[in-house]
Amino acid sequence: MNRLFGWFGAKNPDREMPAHSRENIPQHVAIIMDGNGRWAKSKGMPRIAGHRAGMKNVRTITMAANELGVKVLTLYAFSTENWKRPKEEVDFLMKLPQEFFPLEIDELKKNNVRIRMMGSKEGLPRHSLDAVEAAIEETKDNTGLILNFALNYGGRRELLLGIRRLAEHIRDGEITPDDISEQLFDSYLQSEGLPEPDLLIRTSGEVRISNFMLWQLAYTELWFTDVFWPEFSREHFFEAIRSYQGRARRYGKL
Ligand code: FPP
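Definitions and limits used
- Residues numbered from 1 in each chain as written.
- Predicted model: local features only at pLDDT ≥ 70, side-chain atom pairs only at ≥ 80, totals over all residues.
- Heavy atoms only, no water.
- Near = heavy atom within 4 Å.
- Polar contact = N/O pair within 3.5 Å; in protein donor to acceptor, adjacent residues only side chain to side chain.
- Helix = DSSP H or I, 4+ residues; strand = E, 2+ residues; numbered from the N terminus.
- Nonpolar A, V, L, I, M, F, W, Y, C, P; charged D, E, K, R; others polar.
- Expected span 1.5 Å × (residues − 1).
- Pairing = 2+ DSSP bridges.
- Axes fitted to C-alpha atoms, helices over the stretch in contact; angles between N-to-C directions.
- Contact = heavy atoms within 4.5 Å.

Student: Sorry if this is basic, but what is going on with the site of the ligand here?
Tutor: Lining the immediate surroundings of the ligand are 18 residues, of which G37, R38, R47, H51 and R85 lie closest. Between an oxygen atom of the ligand and a side-chain N or O atom of D34, the distance comes to 3.2 Å. With 4 residues, the single largest contributor to the shell around the ligand is helix 2 (residues 47–68). Tallied by class, residues from the shell around the ligand come to 8 nonpolar, 6 polar and 4 charged.

Shown next, in the form of structure tokens:
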């Protein structure tokens, strides 16, 4: 349980979460990290300062998830719609992987974290992709927490790409329409092999899904907070986990 104390000077989460709360930890937590821009504005700083603070918070929340024994943490870092932002902001966001990974890779490796990416590689600048791919390669044998970055990701695009590939396989006679089950379809998605998110967190007060994991969120518990992402602390994260633990998941049954 306490396998990862010491990561980035971690505190003992037992002091912050009552003992009974260490049970029923969600396997997969997905987060829409929203509010970087508004956080920066509220401090009189440029939007990009909010993104840098947001990047730093990735470490805090990854640490908290790791301590609890969460298996997969998926972070929505850049959507297919984010390209519509001003070029200066997009360029800055695209530089974050090469800032983040060299800074954090040693600790990630030490703590058995495996990096993964979900989204289209096409369209990403070479320097961003190189940084992500190097981290994926360096951590590929790790067996602990999977830290999954949704980068140049859109739920509709993911579905269309999967459906297109499925159609090609039918055309080529590799499968027949009768073979298509939920399980088979899962394997055509970019989240292939990952469990569905048990809990989705969105920060900053927005209450929508924003084209995130449209297929995978079918039975996910949702948790929204007004807190902006750069200020979303480990205590807020534990609060979300406790809320999840108090819910009855019925999957349509009584
Ligand atoms: C949404 O806030 C946030 C983003 C579009 C970027 C999120 C990215 C990070 C937190 C860093 C990711 C780190 C790596 C290593 C890739 P917003 O700008 O839409 O906030 P606003 O709604 O207040 O304007």
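Student: Would you take a moment to explain helix 2 for this structure?
Tutor: Taking 1.5 Å as the rise per residue, helix 2 with 22 residues should run 32 Å; its terminal C-alpha atoms sit 32 Å apart, in good agreement. Positive backbone phi, approximately 95°, marks G69, located one or two places after helix 2.

Student: For this particular structure, what's the right way to read the sheet that holds strand 1 (residues 28–32)?
Tutor: Either a parallel or an antiparallel arrangement is found when strands of a sheet pair, and the pairing is made through backbone hydrogen bonds. Read from one edge to the other, the open sheet built from 6 strands follows the order 3-4-2-1-5-6, with strand pairing classed as parallel. Looking at which strands have only one partner, the edges of the open sheet turn out to be strand 3 (114–118) and strand 6 (221–224). Taking each pair of neighbouring strands and ignoring which way they run, the sheet shows an average axis angle of 20°. In terms of strand pairing, strand 1 meets strand 5 (residues 199–202) through 4 bridges, oriented parallel. Bridge pairing in strand 5 links A30 to L200. Docked against the sheet, helix 2 engages strand 1, strand 2 (72–79) and strand 4 (146–153), running at close to 160° with respect to strand 2.

Geometric descriptors of this kind do not, in isolation, establish any biological role.
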